[in-house]
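Secondary and tertiary structure notes
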Amino acid sequence: MAEPVDITAKGGTPDLQAEPMLINIGPSHPATHATLRFQAKLDGETILDLVPEFGYLHRGFEKESEASTWTQVVPYTDRLNYVSPLMNNVGYAMAVEKLCGIEITERCKYVRVIISELSRIIDHMVCIGTNMVDLGALTNFWYFWKPREEVYFLIEELCGQRLTTSYTRIGGAMADLPEGWTDRVLAVCRGVIPECIADVNALLTKNRIFIERTMGVGPISAKDAVALGFTGPCLRAAGVPLDLRKDETYLVYDRFDFDVPVGEAGDTCDRYMVRMEEMRQSLRIIEQAIAKLPGGPINIDDPRFILPGKEQVYGNIEALMNHFKFIMEGVKVPAGEVYSATEAANGELGFYIVSRGGGGPYKIKVRPPCFPLFQGIPHLVKGQMIADLIATLGSVNIIAGELDR
Amino acid sequence: MSIVLDRLRGRFPADVVSTHSDFGDDTALVRRERIVEILAFLRDDPELLFDFAMDLTGVDYLGEEPRFEVVYHLYSLEKKRRVRIKVRLHEDDPVIDTAVPVWPGIDWYEREAWDMYGIVFRGHPNLKRILLYEAFEGHPLRKDYPKAKRQPTIGPEE
């Protein structure tokens, strides 16, 4: 038999002297967007306690990586945050390059910035779009799906895949940009995306229903957000201007002029506002990066890391042997350990890599930005309504692929 | 040597085993006995202020003694610095004090290290498996756990 309500229960105070109800949400539920599960203890519609559970999508990324070569891990990183896979590719490649002491070419740095910012835009579009679907505003979802589709066409042209991009390599990229690609990026960034952001902005930002569903819903203070390890838009919405692109600048982000938006209350509305502004700032970065994009090779000129060209492999025996050893044994990465972090769409994406000098990693640990965010969900919604949980969960943007690995 | 490692050595001369700054990452290997004190010092010292516990993981160095390593990655919002703290644990006693009182956000990382490596965090409020289910046998990221091993997948215990 259930216990009578304890008035001192954590979180909200029950307004009815009734028994608390335990309700299970997920793991397969349209509003969780992924295989997430909650056990909620409710008094009426008020959340007294919430226990998040996950692991339904655990694929053993880290175990699998330990048996792969360095380059074979790149496709696995696509499956971490599958909404912005290019960013994971970049984060992983940067970690291995740090270990190898590789300085990638200028062109490659700019290309990585452009693909990262494109990914950030589509990631935020998915987050806002699906969040709004949960609140009953389906139109915004479709308004954002069109530009997202346009960006996917660009990504498809870039690497032949829409979702599983595997674009980066140790020391460069799979291939250079296709002919005229930057012009088409500019056309999308000027002609399609700003219009859609403006449409969604016009539909939502001053909409009274939207404001009442999001303002003050799922708030967190700056202090709590730091203590819980929040990063990315969720931390910035709480008023902490931490952005690794500015604070630990990498690639060539220090050469661009862009702003880091911050919120105040750390609630669902602020998270939405921060993401909307970040998309506009990403457009600014892409414009500047394409304007300054240097020529030259995309890969470093180092036969220890870069595969020999096709004509050489078919033309001389040394290149053929080299190619064989590359594929079978992997590139040789010096022994040591590094932690490399990048600002992914959801926050700090960190890779802790231990190498013992072999052709593959001895250990890879991903620090997924969602992990602490999902841990903080009970803190965000305790004492609020069950419908607020859905609004908050969508705005925090949990991606099970990187959460469960 | 970096200011972080200097201060840490100055404050805990007997507990810091070794330090290095390879690849630009400040790293200190410390003894496990006063780990909570060391972490609290790193968080509270006005010169350091490591207010973010960014990551925690285990590493299995099978064949070495001590076998396991617990790795903390900390970040300071104000000083914009990072540090890595490592602790070695013996195979027959893989126990370390929990850091949850220092950073509440480290809770799930410790659960994951328990799940994947079987490292016990003494005093942890809820040391349960996190990615796998309670009936799972063994700790899969240990080097002696075969990659191809399969176990029946069953639901969580109620």
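Above this text sits the structure in question.
Every residue gets a number counted from 1 within its own chain, in the order that chain's sequence is written. Chains carry letters from A onward and ligands carry numbers from 1 onward, assigned in written order. Local features in a predicted model are, by the rule used here, given only for residues with pLDDT of at least 70; side-chain atom pairs are given and counted only at 80 or more, and totals for whole chains, interfaces and linings are based on all residues.

In terms of regular secondary structure, chain A is built from 18 helices and eight strands. For this measure, only C-alpha atoms enter the radius of gyration; the expected value for a globule follows 2.2 Å times N^0.38, where N is the number of residues. The C-alpha atoms of chain A give 23 Å as radius of gyration, which agrees with the globular expectation for 405 residues (22 Å, within 12%). Of all 405 residues assigned to chain A, the portion counted as buried reaches 52%. Throughout, a residue-residue contact means that the two C-beta atoms, derived from backbone geometry, are no farther apart than 7 Å. Long-range contacts, defined here as pairs at least 24 residues apart, represent 70% of the contacts in chain A between residues at least 6 apart. Secondary structure counts use DSSP, requiring at least four H or I residues in a row for a helix and at least two E residues in a row for a strand, with both numbered from the N terminus. Any residue surrounded by 20 or more other C-beta atoms within 10 Å of its C-beta is treated as buried, while 12 or fewer makes it exposed and the intermediate range makes it partly exposed; C-beta atoms here are placed from the backbone.

Residues and elements named next belong to chain A. Reading across the sheet, the three strands line up as 6-7-8 and stay open at both edges, with antiparallel pairing between neighbours. The sheet is open, and its two edges are formed by strand 6 (336-344) and strand 8 (363-367), each paired on a single side. Along the sheet, successive strands turn relative to each other by an average axial angle of 15°, direction set aside. The pairing criterion is simple: DSSP has to find at least two bridges between the two strands. With nine bridges connecting them, strand 6 and strand 7 (residues 347-355) associate as antiparallel partners. The partner of tyrosine 339 across the bridge, within strand 7, is tyrosine 352. Fitted lines through C-alpha atoms give the axes, limited to the stretch in contact for helices. The angle between two N-to-C directions lies from 0 to 180 degrees.

For the rest of this paragraph, the subject is the interface of chain A and chain B. Listed as interface residues are 31 residues of chain A and, on the opposing side, 27 residues of chain B. If you list the elements that add at least two residues to the side of chain A that touches chain B, you get helix 1 (61-66), helix 3 (85-100), helix 9 (222-227), strand 6, strand 7, strand 8 and helix 15 (370-375) of chain A. Sorting elements by how many residues they give to the side of chain A that touches chain B places strand 7 of chain A first, with four residues. Class assignment of the residues belonging to the side of chain A that touches chain B gives a composition of 13 nonpolar, seven polar and eleven charged. Basically, the charged four are Asp, Glu, Lys and Arg, the nonpolar ten are Ala, Val, Leu, Ile, Met, Phe, Trp, Tyr, Cys and Pro, and anything else, Gly included, counts as polar.

Put simply, a nonpolar core is buried Ala, Val, Leu, Ile, Met, Phe, Trp, Tyr and Cys residues tied into one set by C-beta atoms within 7 Å. Core analysis: the largest hydrophobic core is formed by 160 residues, its most contacted members being Val96, Ile114, Ile353 and Ile398 of chain A together with Ala53 and Leu74 of chain B. At 14 residues, the largest contribution of residues to this core is made by helix 4 (residues 106-134) of chain A. Excluding residues that lie within four positions of it along the chain, leucine 74 of chain B makes contacts with Leu42, Phe50, Phe52, Ala53, Met54, Arg82, Val83 and Ile85 of chain B.

Let's shift gears to the sheet that holds strand 1 (residues 21-25) of chain A. Residues and elements named next belong to chain A. An order of 1-2-3 is seen for the three strands of this open sheet, with the pairing classed as antiparallel. Edge positions in the sheet fall to strand 1 and strand 3 (46-53), since each of these pairs with one other strand and no more. On average, each strand axis in the sheet is tilted by 20° relative to the strand beside it, whichever way the strands run. The pairing of strand 1 with strand 2 (residues 37-43) spans five bridges and is classified as antiparallel. Note on strand 2: the bridge partner recorded for isoleucine 25 is phenylalanine 38.

Right, let's talk about helix 14 (residues 317-329) of chain A for a bit. Given 3.6 residues per helical turn, the α-helix brings residues three or four places apart onto the same face. All names here are of chain A. Take the number of residues in a helix, subtract one, and multiply by 1.5 Å to get its expected span. Compared with the 18 Å implied by 1.5 Å per residue over 13 residues, the 18 Å span of helix 14 between its first and last C-alpha is a close match. With one of 13 residues buried, helix 14 lies mostly on the surface of the structure. Positive phi appears at glycine 330, one or two residues downstream of helix 14, with a value of about 90°.

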